[in-house]
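Close look at the chain arrangement
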Amino acid sequence: MVEPADRSSTAGQRLGAPESFGVSTLEPGLRPPAQPPGRQVSMRVQMLDDTQEVFQISQRSPGKVLFDLVCAHLNLVEGDYFGLEYQDQRKMTVWLDLLKPTLKQIRRPKNTILRFVVKFFPPDHTQLMEELTRYLFALQIKRDLACGRLICNDTSAALMVSHIIQSEIGDFDETQSWQHLLHNKYLPDQDAIRDEIIDCHRDHVGQTPAESDYQLLEIARRLEMYGVRLHPAKDREGTKLSLAVANSGVLVFQGNTKINSFNWSKIRKLSFKRKRFLIKLRADPTQNAHHDTLEFAMASRDCCKVFWKICVEYHAFFRLFEEPKPKPKPILFTRGSSFRFSGRTQKQIIDYVKDSEPKKVPFERKHSKILSNSSISPQSASTRSHVPKESATSIPLADQPDSDRLSHLAVPNGSEEPQAVTPPTNGLHGLTAAPGSDPTQPRQNHHVAGSVLDQQLLNPGSPGSEKSSLGGPHVAVNGNSSVNGQRMGRTGVLGAEQSAEIQPLSPLTSPLLTEAGYVRNDEEDEARRKKFPTDKAYFIAKELLTTERTYLNDLQVITESFHSAVGKDEAFPDSVKSLISANYDPVYKFHQGFLKETEQRLAQWEGRSNAHIKGDYQRIGDVLLKNIQGLRQLTIHLQKHSECLVELERACRSSRKVETLCRDFEQQRVCYLPLNIFLLRPLHRLLHYKLILERLCKHYPPTHDDFRDCRAALADISEMVLQLQGIMMKMENFQKLIELKKDLTGVEDLISPGREFIRLGCLSKLSGKGLQQRMFFLFSDCLVYTSRGMTPSNQFKVHGQLPLYGMTIRESEEEWGVPHSFTLFGQRQSVVVAASCTSEMERWVEDIRMAIDLAEQSSSLNNDLLSTSLSDNKLSEDGGGEQESEDELGGSRSSLERQGHRGNTTVHVCWHRNTSVSMVDFSIAVENQLSGNLLRKFKNSNGWQKLWVVFTNFSLFFYKSHQDDYPLASLPLLGYSVTVPSESENIHKDYVFKLHFKSHVYYFRSESEYTFERWMEVIRSATCSTSRSLPSTRKDLY
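Residues numbered from 1 in each chain as written. Predicted model: local features only at pLDDT ≥ 70, side-chain atom pairs only at ≥ 80, totals over all residues. Heavy atoms only, no water.

Quick look at the sheet that holds strand 4 (residues 93-95)
Under the convention used in this document: In this analysis, strands are considered paired if DSSP registers two or more bridges between them. Elements are defined by DSSP. Helices are runs of H or I of four residues or more, strands are runs of E of two residues or more, and each kind is numbered from the N terminus. Angular values range over 0 to 180 degrees, each being the angle between N-to-C directions of two axes fitted as lines to C-alpha atoms, with helices fitted over their stretch in contact.
Spatial ordering of the open sheet is given by 2-1-5-3-4, a layout of five strands whose pairing is mixed. Each of the sheet's edge strands pairs with one partner strand only, and the pair in question is strand 2 (52-58) and strand 4. Recorded for the sheet is a direction-independent mean angle of 40° between the axes of neighbouring strands. Bridging between strand 1 (residues 40-46) and strand 2 involves seven bridges; their strand directions are antiparallel. In the sheet register, Q46 faces strand 2, and the bridge partner there is Q52.

Here is the structure:
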């Protein structure tokens, strides 16, 4: 062992730490943790690579100060997986308590060496986001193998050692490999399997050290003794056993064989009394048994306490959402221990790494004799290395820093004419994920912008701006090319010769949402704006014009695009084709004339013609009255639109070819929403006319010339809405069930008479494996829970369903110790779930209680709920669900072969943003559609870019102008917050609102106070979920 004073370099230098002392990537730019004043004490810490470091701490500082110094010294972001252990005066190995003063725990610091080791072993190594973290875990596995703690069969041992050798000396060379094995001891009985190690090493040619770490952890995590630290004990009969704790619960071993396990969900309480360690289990409702208590005898009370503490910490780290709060100090008497877990939970670590964008700090591997990819940026490294086969997926650029992602959008070498991409045959666009990327990050099936002209205009060759801030990981890009390799359009973005070196456009970034776009001249814009009228009625009329343009484009999707897509195919029924044409073409032609009249009136209002000389033009009521009276003549066609929707769905059910035709059409850029939504647009447009007329009537005084026409038009449109309201609400529910059927697998009869959709969203389900993310769907007769499956289309796989008849619900946060949790008691089973926050829990509880009341009023128990093949789909929540615990990893794998499924549906957005929406939210979103020009700015940019923006279906869709046929990008707003910029943000402009989601910020600027208020209103309707307590019928809403 080399003493620290004798070494020529420090661990910080060896692992690539900056020159300034203790700067940590955990909090960039900050100094080491503050220490209380007092005498400085030297503490020696042995690292996982067997080197020692000396740290100076104050004699009164708590253990957390020393631990933070170590993490900062290593530039370790995910430090909470690790801990400091030492031998106390009783010769017992204990963990350093981060809350207590260090010197009260370590009486003789000069004679004590603390060891920095892995404390919490996650069940899946893909949850470790940083390459440095995986490297340190690999060192821990290497140490456990050498000391005989990680016991396994010879085959696994040889394979793991071969990966360690590959990471240390590189590709196989017979002489070098033999010599290396002779001089290094990796296993207690290494000589017996030396030949097998050599044979395994031959197969790793070309494997990088990072990949070797990945493969080593992949093998180790499947072993029974992975992460196990045995604590000797005896049962009541005196049989020698060992206790251990893992992420899933408490384990019992006899020798090195696991004989029993107690999942956290089954444990009611852990305690100890003198030498006895007690495990109190929950009663099994199926066996009608009382609470069962298991008793184990340990060597001493101190042994019991040491094991009890690590159990408390493991439970908190893997099961809780956040660090538990300290208990209030008792006034007179103390009862029990005040010990608690200190630090971030696993969920907080994963969220932090995903939300923040920590620097990729290069580091050197002490034992490695080859150049590591660690010193190369993750992007360039990923183009040269192959991912381990278990996690092959496209790189999630959304998790990379914005400045890195911008370089992939810039035209290479400043070329003005980028050429089309030639996709590789493997379907991965020549790219695989490096082990340094997140293999579990779910990928959505978005599209890439397909127009070279658009790319040139919006991103004119400004590579790698440091200040650039692209859209967050929630920006979908529409185009003809698919990023997951299943489909490429006729037009690409980068030249074929650059496809191997430069990554393709991310599906989650957009040329429209890059900073390198057209920058508007503010003075010119202000001068232009002052020429327009400032009356509120003008801006209301302008809203009519902008939304009418969008509405006409949506009608064109049905009357022209869809007709041309299916018109020549003989498989599509002529009756359905004729029915759609007969009832949508007249509406489209009518609104063409309506739009033309509206444009003429606005041109006159703005003074862009000489018409204002001849008479009064500052009004819109007469145009509305005339056209709404004409629209009443089309009522018979509007009533037939529900029949069109039903017949189209029937044709898709009866013919696989028709279903494929419709699905393929939905993949076209022009179809930026689900096809069925376009079929309902004419009915929804009536609501928009009604709301616009209500605002006009509220604005005008009764004496105004336009008031009478507006009031008459409002009466006419209100009558039409009332007449068609029943059809509209039934069709909205029907359309929602159709969309959900596409997102679910394992459900046969989702669309059935009388079933209504109520709410969908994410909840965490408590099972034997802990809290697991599930997608819940609440209908009027049942509650279905699913997980994101491993189908080629990334559909959600049904795990189970709970009939609402006879169900009861109870809040159970105190019972289970899980925040925002509640229990659903069905007639056949009970389920414990937890929401992400209090408001989400209240919405779910309220809607479920309302649905239970409706189910009990409507009928008795209905055994024919959803016809599902649950015998095939139902996964064991407690036991054999290793496949289930890797749903996201499976989703990443399956994204490589997705074929034609839209991944940016509301269901997928709710899954990724851990939120929910109700049918009331969908109804409000239908009314709150808006279009118009906005100026967009990023947090670190100076100029404003003019965009045509459409708000619909909880998303913003971005165009260059209203004349474009399809959007170039989209931004789902669920989970975003909309506010006004603060003074500190230096946005010195009027009518600016700010969209914010975690670390992603956008500023948008409108042209007037009215449009600013309207955009704020409609975006809030998408970002704030509504309670079901609101009136559930549109008649009540009006």
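So, the nonpolar core
The condition that has to hold: We call a set of buried Ala, Val, Leu, Ile, Met, Phe, Trp, Tyr and Cys residues a nonpolar core when their side-chain atoms join them within 4.5 Å. Burial here depends on accessible area, computed with a 1.4 Å probe over protein chains only, as a share of the maximum for the residue type. Under 20% is buried, over 50% is exposed, and the range in between is partly exposed. Here a residue-residue contact requires only that any non-hydrogen atoms of the pair lie within 4.5 Å.
Core analysis: the biggest nonpolar cluster contains 130 residues, and L696, L956, L995 and W1015 have the highest contact counts within it. Among residues more than four places away in sequence, those in contact with L995 are L956, L971, L973, Y976, S977, V978, H1000, V1001, Y1002, F1004 and I1019.

Some thoughts on a negative patch on the surface
In plain terms, the rule: A residue counts toward a patch only above 30% relative accessible area and without a salt bridge, and it is joined to like-charged neighbours within 9 Å or, for Val, Leu, Ile, Met, Phe, Trp and Tyr, to nonpolar neighbours within 5 Å. All accessibility values rest on the Shrake-Rupley procedure with a 1.4 Å probe; residue burial counts only the protein chains present in the view. The term salt bridge refers to a side-chain nitrogen of Lys or Arg lying within 4 Å of a carboxyl oxygen of Asp or Glu. In this count, Lys and Arg are taken as positive residues and Asp and Glu as negative ones, while His and the chain termini are left out. For charged residues, the charge sits on one atom: NZ in Lys, CZ in Arg, CG in Asp, CD in Glu.
A contiguous patch of negative charge on the surface is contributed by E811, E813, E814, E842 and E846. Sorting the residues of the negative patch by element identifies helix 23 (813-816) and helix 24 (838-858) as the ones contributing at least two each. Position of E811 relative to the elements: it lies in strand 20 (residues 808-811).

Concerning the pairing of strand 19 (residues 796-803)
Judged by how many residues are buried, strand 19 sits mostly within the fold: seven of eight residues are covered. With two bridges joining them, strand 15 (residues 744-745) and strand 19 adopt parallel strand pairing. Across the sheet, the residue bridging to L744 is F796, located in strand 19. Relative to strand 19, strand 18 (residues 782-788) runs antiparallel, the two being bridged by seven bridges. By the bridge assignment, L783 is partnered in strand 19 with L802.

Let's talk about the packing of helix 22 (residues 707-743) against helix 29 (residues 919-927)
Heads up, the rule is: Any angle that is under 35 degrees is reported as roughly parallel, and any over 145 degrees as roughly antiparallel; angles of 65 to 115 degrees are reported as roughly perpendicular and all others as oblique. Handedness of a helix crossing follows the sense of rotation of the near helix relative to the far helix, less than a right angle counterclockwise being left-handed and clockwise being right-handed.
With their axes 11 Å apart at the nearest point, helix 22 and helix 29 run at an angle of 115° to one another. The angle between the axes of helix 22 and helix 29 places the two elements in the roughly perpendicular class. The element helix 22 and its partner helix 29 pack so that their crossing is right-handed. Facing E732, N733 and K736 of helix 22, the residues of helix 29 in contact are M919, F922, S923 and V926.

Remarks on the packing of aromatic side chains
For any two aromatic rings, the description comes down to two numbers: the centre-to-centre distance and the angle of the planes. Definition in use: Only Phe, Tyr and Trp rings take part, Trp by its six-membered ring, and two of them pair if their centres are within 6.5 Å. Stacked means planes under 30 degrees apart, edge-to-face means over 60, and tilted covers everything else. Whether a charge sits over a ring depends on NZ of Lys or CZ of Arg being within 6 Å of the ring centre and within 35 degrees of the ring normal.
Counted according to the given criterion, the structure contains 35 aromatic pairs. Measuring from centroid to centroid gives 5.4 Å for F796 and W911, while their planes differ by 70°, and the two rings are edge-to-face. Of this pair, F796 sits in strand 19 while W911 is found in helix 28 (residues 906-913), placing the two residues 115 residues apart along the sequence. Exposure remark for F796: the relative accessible area of 0% places this residue in the buried category. Taken together through their ring pairs, the aromatic side chains of F67, Y81, F82, F116, F120, F121, F137, Y226, Y314, F317 and F318 make up a single cluster. Here R1005 stacks its cationic end above the ring of W944, 5.5 Å away from the centre of that ring.

Quick notes on the sheet that holds strand 27 (residues 969-972)
Spatial ordering of the open sheet is given by 27-26-25-24-30-29-28, a layout of seven strands whose pairing is antiparallel. Strands with a single pairing partner mark the edges of an open sheet, and in this sheet they are strand 27 and strand 28 (977-979). Within this sheet the neighbouring strands show an average axis-to-axis angle of 35°, counted without direction. Contacts from helix 15 (residues 536-566) reach strand 24 (930-938) and strand 25 (945-952) within the one sheet, and its direction differs from that of strand 24 by about 95°.

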